[in-house]
Structures are given as C-alpha cells and as structure tokens.
Amino acid sequence: MTTVAIDRLTKRFGQIEAVSDLSFSAKPGRVTAFLGPNGSGKTTTLRMLVGLADPTSGTATIDGRRYCEFEQPFHTVGVLLDGGFHPGRRARDHLRILATSVGVGNDRIDAALEFGEIGYAASRRVGGFSTGMKQRLGLAAAMLTDPPVLILDEPLNGLDPEGIQWLRQTLRNLADEGRTVLLSSHVLAETEQIADDVVIISGGKLRVEASMNELTGRLTPSVRVRTPQAAEAGKALIDAGHVVAAGDGPDDFIVEAAASEVGELLGRAGIVLHELTPQQKRLESLYFQLVDPAAPPPDDPGLAPATTSPEGS
Amino acid sequence: MRLLQAELLKLWTVRTPKVLLGVAAVIAVIAAAIQIIIIETRDGDPTLSTGQVAGLLAGAAAAIPLATFIGAVGATSEIRHRTDYLNHLITPTRVPQVAARIGAYLMFGLAFASILLSALLLILFSWALVRVGTVPWGSTPTRILLGVALATAAYTVIGLAIGQIFRNQILAVSLLGAWMFAIEGFIVLPLALIDLRLTSLMPIQAIQALLIGDALVETEIGAISFGVWQTAGIILAWTVSLSAIGIWRTLRSDIR
C-alpha cells in the first residue's frame, strides 16, 4: 500500500515562493485530485515529488522514500507530465525505448497500448497525434510497468468526451485495484466525478484537503422552483430568511435551501408548484471561493483531514 | 546496458540520423565515382596506387560533419521536445544516464563511418577487381579507414556535447556549421602568427592531419607537420573536454 506524502514542502525561485509549506497526502485505493489555478504550484509540486526539482525545504515521498532513493522508480511510480514525445518517433518506438530503459518486455508494450486504447496508432508518428491521443500514449507509458502509484499532471487536457469517460472509468478501476492515483487538473466538472479526495492550492498554499463527499457536503443546497405564483413564492421564501436568485424565466427562480424545506414552506403558503428540482452541488462554486486570491488561507485547511472512509469509491 | 540500448534506439527511431546517413552516402559515392572517372579517363589502361585508394576512401570523411550535426540535433531534440524528463524519471541518478548517452553516440558514430567505409570499399574492390585486377594496400588507406572511424565517432560525441552545452537546436547547429566552415579558419590565421604549432590544436585542422597523417599540411602562413598519434590525442582531448562541459551543463540544468 503506497502512500504519497507531501510534508511542509516549500519551493522558492529567487524571490518567488512557488510552493509554500505545503502538506497533503494521497492514499492507496483513492483518486486524489490536486486542484488549483494556473501558476498555483501544482506542476512544481509534482515535479518535486518525482525528483525533477529540488525542494527548498520539506519533503515529498512515496512510500516513505524520496523518488531518487528508489533503485527503479519507474516500477513503483507511473508519471504523466506535459510533453515527452518526439514528434518523429512512432508510438510503439516511444514505448519500446522506455521499456528497454526499465527492463520490461514487449508484452508490456502491447499491454500498455491496449490500456491506452491506442494500439490502432502504434505504428504512426506521434507528430500526427491529436492532444487526446498523446494523452492516451502518455498514460500508456505511465502504465508500462504496471506501477502501484500514478502521478498524472493534467491528464484530462485535450481528451474528447469519450476520452474523459474512458479516463474516469480507468482511474476508478486503477484505484479500486488498490493503486494510489494523484492527478492535477483544472477541469473541475470532470474532476468532481473522478476524485475521491480533493486537495486545492492557490498561490502555492494549501486551501483545502478533504474527501469529495465532505467538500460537496459543505456546500449550501439549492433548489430550482417553477411556479405560476413566482412573486408570492419568492416573497414567502425571503420572509422565511432564504436567499433567492433569479432563474431562467419569469416563472422560475433558485433558492438556497433543501428541496423538502422549500416544498413544505410553499405548500403551507398554498402556492402551486410546477417544478421543484434540487440543483447539482458543484465543486466549482467552492473552488472559486477557496482560490480567491483575496481570501486568506484557512487556519485549518482540512475540512476534516482526509481520513475518509472509502464510501466515495 | 539497458540505458545504452535505449539511447541507441532513440537515435535509430527518428528520421534525422537516417536521412543524414543517406546524404553522407550520396556524397561519398559521388566523390568516389568522380575519382574513378578521373582515373579511367587519365589512363586508358587504368592503374591504381595506394594514394589513389586512400583518396577514394577519404570520401567517407563526409560522415564527420554530418555525424556532428546528428549529435547536436539528438541532444537538443531531447530538450526541445521535453523527452529528457523521461530519462530522469527512469534513472534519477544522472551519471549512468549521461554515460550511456555518450557511449551510444560513440557507437553510433562508429557505425555511421563503418557503413560509409563499407560502401566505398565495396565500390573500390568491385571496380578495381574488374578494371585493375588488384587493390594495392598500405598504411595510408589503413590510416584513412581508422582515421575516419575515430573522427566520426569522436565528432558525434562533440556534437552531442555542443547540443548539451547550448541546449538550443538552431543555435547549436548554426554554431557547429559556422565553426566548421568559417570560424576555425579565422582563428587559425592569428594562431599561426603566434606559433605555427598552435594551429594543430584546432579541431578541424586535427581531422585533416589525422587523415593525411605525417604529411605536411599547407596553411596560408606556411606548412607544419602533424603526427598521427598527436592529432588523435588532440581530437580525443577536444571530445573529453567538451563532453565534460556538456555533462556539467546537463546535470546543472536538469534539476532546479
């Protein structure tokens, strides 16, 4: 069971502190999403984790060891970072070079191509690949040694809807097999569906570390109301202390409250309802609150430190 | 060994080395064909000297500048396409990785020269056995064979080192081209004014001397004598020095 642990990690480039006293962990059997806006320090953190950058202070370890302390790290950690393909090289050759370097056979090349569902393009040069195909090839390379840990930097970038669905299912399966999956992303809607745990950073600082269930549970529920008596219904809800926002048309609006509470309140007021729909809780809304540069970092970033049960699995 | 194999695969699975090998082969074969035509037209009944055999094989020296470009392009491609990070992920201990790459480029340079020399030997023997009957051999053709092989291997590594030092493909290739075809010529002149022997320290002059051997090399200032072993040592010194700087630069740039 291989845990990824970031402990008080700091990275300075001259006067700029790219990552500041960052601590979090990614656990086996879980998909951990590492979120933050561009320039927030995600990639720098991942690069430190895999030994491509030296921390100014703190540690980034996998199974208690720094990446460079592994004799054959590629057998433990599969990594997908941006780039890494020679456009003139065929996909199979790209994997063949990696397989030769790490000492695995051709059977693993075929397995990796099959994993990435990219076998049909194995003989094509990577320069002709779409972004999504490159992502698939990168994931195939990361899985070449069938490692217990996957570290993926923006794996959703460039994937089409089928690709996103494939990746979602694939990462779920890999986590269910007991692997540790840490992925960075800024595609919030999709990440919400993939991740079990969420780490959000902004300005190099930790904003929140929690399970997805805890995070979305923290959001205020909201419900869409459609009624021919919109004015009366709105007034009744506002009088009861709820926040009401305009909807798409004159007959509907959004109210921040649970559907049951709204239904009972409007029922007691004798208001006819045509629709009462709970709105999807969105990670996005909380994300924007947390990464607001004007907002100070929370004293305790763990909504509840990620000691979560596997219920989200 | 695995890393060495992987580095060789990297070279062979892209087009540039194959294209440049083809270009070198075309140049060498055309040069050989011209020499054969000259021999054929000069003498109705052609004869062959060891000097002519050496001259015919010297066409393989076309491999040297092209192999240098292969080295530079190979090194800078890794940086340009960001494939270098994969090396570091596989081998966090950088020295074996860098050593494997140098070994691979040495071997590739040797293979590059061997292919050209084999093609020229095939042409030479095919033609000579039909038209002349025998191929006179001696120390001069042997020196050309070994000199081209050594210089091509060494200059592939020098190209690699230049790529690692400058880390930009256009800059590295332009600089190499300018050095080989212009800059060294300008440097040799003032060096010769100070001491004629100093010019022998220049890398391109050293190749000429290695291939020509103990013969006098004419410069615009005068003539100087180079020894084969001396010039081989000079080429080796350039290779080791530039590689050391290339390794230092690579290790320094890898992790920040």
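Residues numbered from 1 in each chain as written. Chains lettered and ligands numbered in written order. Predicted model: local features only at pLDDT ≥ 70, side-chain atom pairs only at ≥ 80, totals over all residues. Heavy atoms only, no water.

J.: Which parts of the structure should I look at to understand the overall build of chain A?
T.: Scanning chain A from N- to C-terminus turns up 10 helices and 13 strands. Taken over the C-alpha atoms alone, chain A extends approximately 75 × 45 × 35 Å along its principal axes. Across the 313 residues in chain A, those meeting the buried criterion constitute 51%. Per element, the accessible surface of chain A, about 13,600 Å² overall, is 48% carbon and sulfur. Within chain A, one finds 30 positive and 40 negative side-chain charges whose respective centroids are separated by 7 Å. (Helix = DSSP H or I, 4+ residues; strand = E, 2+ residues; numbered from the N terminus. Buried < 20%, exposed > 50% of the residue type's maximum accessible area, 1.4 Å probe, protein only. Areas by Shrake-Rupley, 256 points an atom, 1.4 Å probe, with all protein chains shown as cover. Lys, Arg positive; Asp, Glu negative; His and termini not counted. Charge placed at Lys NZ, Arg CZ, Asp CG, Glu CD.)

J.: Explain the overall build of chain B here, please?
T.: Within chain B one finds 10 helices and two strands. Going residue by residue from the N terminus, the α and β elements of chain B occur as α-α-α-α-α-α-α-α-α-β-β-α. Compactness check: chain B gives a C-alpha radius of gyration of 20 Å against a globular reference of 18 Å for 256 residues, within 12% of the reference. With respect to the three principal axes, the spread of C-alpha positions in chain B is 70 × 45 × 30 Å. For chain B, the share of sequence-separated contacts (at least 6 apart) that also reach a separation of at least 24 residues comes to 78%. As presented, chain B carries roughly 11,500 Å² of accessible surface, and 70% of it is formed by carbon and sulfur atoms. (Rg over C-alpha atoms; globule rule 2.2 N^0.38 Å. Contact = heavy atoms within 4.5 Å.)

J.: I would appreciate a short explanation of the domain arrangement of chain A in the present structure.
T.: Interface size, as often reported, equals the accessible area lost upon joining of the parts. According to the domain assignment, chain A consists of domain 1 (4-76 + 147-216) and domain 2 (223-278). Computed over C-alpha atoms, the centres of domain 1 of chain A and domain 2 of chain A are 41 Å apart. (Domains from an automatic or database assignment.)

J.: Teacher, can you tell me more about the interface of chain A and chain B here?
T.: On the chain B side, the residues contacting the 32 residues of chain A number 23 residues. Between R82 of chain B and D82 of chain A there is a salt bridge, with its nearest N and O atoms 3.1 Å apart. The tally of links between chain A and chain B comes to eight residue pairs in polar contact (both at pLDDT 80 or more). Those elements that place two or more of their residues in the side of chain A that touches chain B are β5 (77-80) and α2 (91-102) of chain A. The element contributing the most residues to the side of chain A that touches chain B is α2 of chain A, with eight residues. Its residues assigned to classes, the side of chain A that touches chain B shows 15 nonpolar, 10 polar and seven charged. (Salt bridge = Lys/Arg side-chain N within 4 Å of Asp/Glu carboxyl O. Polar contact = N/O pair within 3.5 Å; in protein donor to acceptor, adjacent residues only side chain to side chain. Nonpolar A, V, L, I, M, F, W, Y, C, P; charged D, E, K, R; others polar.)

J.: What am I meant to see in the sheet that holds strand β11 (residues 244-246) of chain A here?
T.: Within a beta sheet, neighbouring strands are joined by backbone hydrogen bonds and run either parallel or antiparallel to one another. All names here are of chain A. Spatial ordering of the open sheet is given by β11-β12-β10-β13, a layout of four strands whose pairing is antiparallel. The open sheet has two edge strands with one neighbour each: β11 and β13 (275-278). With strand direction ignored, the average angle separating the axes of adjacent strands in the sheet is 25 degrees. Note that strand β10 (residues 223-226) and β13 share four bridges and pair antiparallel. (Pairing = 2+ DSSP bridges. Axes fitted to C-alpha atoms, helices over the stretch in contact; angles between N-to-C directions.)

J.: Any chance you could explain the packing of helix α3 (residues 50-57) of chain B against helix α7 (residues 139-166) of chain B here in plain terms?
T.: Helices that pack against each other are described as a pair by the angle of their axes relative to one another and the distance between those axes. Residue and element names in this part refer to chain B. Interaxial distance between α3 and α7 falls to 8 Å at its minimum, and their mutual angle equals 10 degrees. The angle between the axes of α3 and α7 places the two elements in the roughly parallel class. Taking contact as the criterion, the partners of T50, V53, A54 and L57 in α3 are, on α7, T140, P141, I144 and L145. (Parallel < 35°, antiparallel > 145°, perpendicular 65-115°, else oblique.)

J.: What am I meant to see in the environment of P92 of chain B here?
T.: For P92 of chain B, the position within the fold is in the loop between α5 (84-90) and α6 (94-131). Separated by 146 residues in the primary sequence, P92 of chain B and W238 of chain B place their C-alpha atoms 28 Å from one another. Excluding residues that lie within four positions of it along the chain, P92 of chain B makes contacts with Y67, C68 and P73 of chain A.

J.: Just checking my understanding: could you explain the environment of V157 of chain B for this structure?
T.: All names here are of chain B. Tracing the backbone through its elements, the reader meets V157 in helix α7. A relative accessible area of 1% means that V157 is categorised as buried. Each C-alpha atom, one on V157 and one on I207, is 15 Å from the other, the two residues being 50 residues apart in sequence. Contact partners of V157, with chain neighbours within four places excluded, come to I102, Y105, L106, T239 and S243.

J.: Explain the packing of α2 of chain A against helix α1 (residues 2-12) of chain B to me, please; I cannot follow it from the model alone.
T.: Two numbers describe how α2 of chain A lies on α1 of chain B: the axes approach to 7 Å, and their chain directions differ by 165 degrees. It follows that α2 of chain A is roughly antiparallel to α1 of chain B by the angle criterion. Of the two elements, α2 of chain A crosses α1 of chain B, and the hand of that crossing is left-handed. Residue-level contacts link R96, I97, T100, S101 and V102 of chain A of α2 of chain A to R2, L3, Q5, A6, L9 and K10 of chain B of α1 of chain B. A per-class count over the contact of α2 of chain A with α1 of chain B returns five nonpolar, three polar and three charged. (Left-handed = near helix turned anticlockwise from the far one by under 90°.)

J.: Whenever I open this one, the sheet that holds strand β7 (residues 180-185) of chain A confuses me. Can you help?
T.: Residue and element names in this part refer to chain A. Read across the sheet, six strands follow the order β5-β6-β7-β3-β8-β9 without closing on themselves; strand pairing throughout is mixed. Sheet topology places β5 and β9 (205-211) at the edges, where each strand pairs with a single neighbour. Across the sheet, the mean angle from the axis of one strand to that of its neighbour is 15 degrees, orientation sign disregarded. The pairing of strand β6 (residues 149-153) with β7 spans five bridges and is parallel. Note on β7: the bridge partner recorded for L150 is V181. Against the sheet, helix α5 (residues 161-176) touches β3 (31-35), β6 and β7, its axis set at about 150 degrees to β7. Lying on the sheet, helix α10 (residues 283-290) is in contact with β3, β8 (197-202) and β9; it crosses β8 at an angle near 35 degrees.

J.: How should the nonpolar core be read in this particular structure?
T.: In summary, soluble globular proteins display a tendency toward joint burial of nonpolar side chains. Within the largest apolar cluster, 62 residues are counted, with the highest numbers of intra-cluster contacts made by L48, F112, V148, Y155, I207 and I235 of chain B. With near-sequence residues (within four places) excluded, V148 of chain B lies in contact with A60, A61, A113, L117, R143 and L211 of chain B. (Core = buried A, V, L, I, M, F, W, Y, C linked by side-chain atoms within 4.5 Å.)

J.: Which parts of the structure should I look at to understand the pattern of salt bridges?
T.: Between side chains of opposite charge, a pair can form as their charged atoms come close. Residues and elements named next belong to chain A. Scanning all chains against the criterion turns up 24 salt bridges over all chains. We note a salt bridge from K42 to E154, for which the minimum N-O separation is 3.9 Å. You can see K42 sitting in helix α1 (residues 42-49) and its partner E154 sitting in the loop between β6 and α5, a full 112 residues away along the chain. For the residue pair K42 and E154, the accessibility class agrees, reading buried in each case.

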